[in-house]
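# Coordinate analysis (summary)
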Amino acid sequence: MVIIALSNILVQFPCTIFGWHTTLGAFSYPLVFIVTDLTVRLAGPQTARNVVFKAMLPGLLISYILSNGFAQGFGFSNLLALNVMALRIAFASFLAYILGQLLDILVFQR
C-alpha cells in the first residue's frame, strides 16, 4: 500500500531523463511487481492473490487522499475535499494495480 500511494504521488511530478518525458512514479511503481513476484515465490500464488485483494481498497483510499492533498495544498479540509483529477488518478491506479497484479501472478507463477 505504501508503494502504491508513493507511486500515485510521484506520478504527479514530470521529469525528463535522457530525452524521455516521464514521471517519477515510473520508477517506484515497478517495485509493486517485484514484491508480488517475491510473494508468489516464497508463499505461493494464493497468498499473493490474498495480499493483492487486501491491499487494493486501502491503497485506493490512501492514494486518493494523498493525491488530493498534493493537488490542492495540504490542509485537513483539502485532504477530504472532492477532487475529480485526484479521483481519476486513484481509480486508474486501482485498475492498473488489480489487473496487472492478477495477470502477473497468473502468467509468471508458471
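In what follows, the accompanying structure is described. Since this is a predicted model, take the numbers as computed values, not measurements.

## Focus: the nonpolar core
Ile4, Tyr29, Val32, Val40, Ala48, Val52, Ala55, Met56, Phe94, Tyr97, Ile98 and Ile105 together form the largest nonpolar core, which totals twelve residues. Listed by contribution, the elements that provide at least two residues to this core are α3 (30–43), α4 (45–72) and α6 (84–108). Once residues lying within four places of it in the same chain are set aside, the contact partners of Phe94 are Met56, Leu57 and Leu60.

## Here's the deal with empty space enclosed by the protein
Taken as a whole, this structure holds one cavity of 30 Å³ or more when the rule is applied. By volume, the largest cavity amounts to about 40 Å³. Forming the walls of the largest cavity are Ile4, Asn8, Met56, Gly59, Leu60, Ser63, Ala90, Ser93, Phe94 and Tyr97. For the lining of the largest cavity, the secondary-structure elements that each account for two or more residues are α1 (2–10), α4 and α6. Residue classes in the lining of the largest cavity are distributed as six nonpolar, four polar and no charged.

## Thoughts on the layout of surface pockets
Taken as a whole, the largest pocket spans an internal volume of roughly 150 Å³. Lining the largest pocket are 13 residues, and of these Met1, Val32, Val35, Thr36 and Tyr97 lie nearest its centre. Elements supplying a minimum of two residues to the lining of the largest pocket: α1, α3, α4 and α6. The class makeup of the residues in the lining of the largest pocket is ten nonpolar, three polar and no charged.

## Regarding the packing of aromatic side chains
Under the counting rule described, the total for this entry stands at two aromatic pairs. Between Tyr29 and Phe33 the ring centres are 5.7 Å apart and the planes differ by 75°, which places this aromatic pair in the edge-to-face class. For the ring pair Phe91 and Phe94, a centre distance of 6.3 Å and an interplane angle of 25° mean the geometry is stacked. Taken together, the residues Phe91 and Phe94, both in helix α6 and three residues apart, mark about one turn of the helix. On the basis of relative accessibility, which here comes to 45%, the residue Phe91 falls in the partly exposed class.

## Looking at α3
End to end, α3 covers 20 Å across 14 residues, agreeing with the expected 20 Å (1.5 Å per residue, within 8%). Within the span of α3, buried status applies to Val32, Thr36, Thr39 and Val40. End-on, the buried residues of α3 take up no more than an arc of 100°, which puts them together on one face. Relative to its buried face, α3 has exposed residues pointing more than 90 degrees away, namely Arg41 and Leu42. Within two residues after α3, Gly44 carries a phi angle of roughly 100°, on the positive side.

Parameters at a glance
Residues numbered from 1 in each chain as written. Predicted model: local features only at pLDDT ≥ 70, side-chain atom pairs only at ≥ 80, totals over all residues. Heavy atoms only, no water. Core = buried A, V, L, I, M, F, W, Y, C linked by side-chain atoms within 4.5 Å. Buried < 20%, exposed > 50% of the residue type's maximum accessible area, 1.4 Å probe, protein only. Helix = DSSP H or I, 4+ residues; strand = E, 2+ residues; numbered from the N terminus. Contact = heavy atoms within 4.5 Å. 1 Å grid on protein atoms, 1.4 Å probe; cavity = no way out; pocket = protein on both sides within 12 Å on 5 of 7 lines; lining within 4 Å. Points joined across faces, edges and corners; volume = space filled by probe spheres on them. Nonpolar A, V, L, I, M, F, W, Y, C, P; charged D, E, K, R; others polar. Phe/Tyr/Trp six-rings, centres within 6.5 Å; stacked < 30°, edge-to-face > 60°. Expected span 1.5 Å × (residues − 1). Arc of directions from axis to C-beta.

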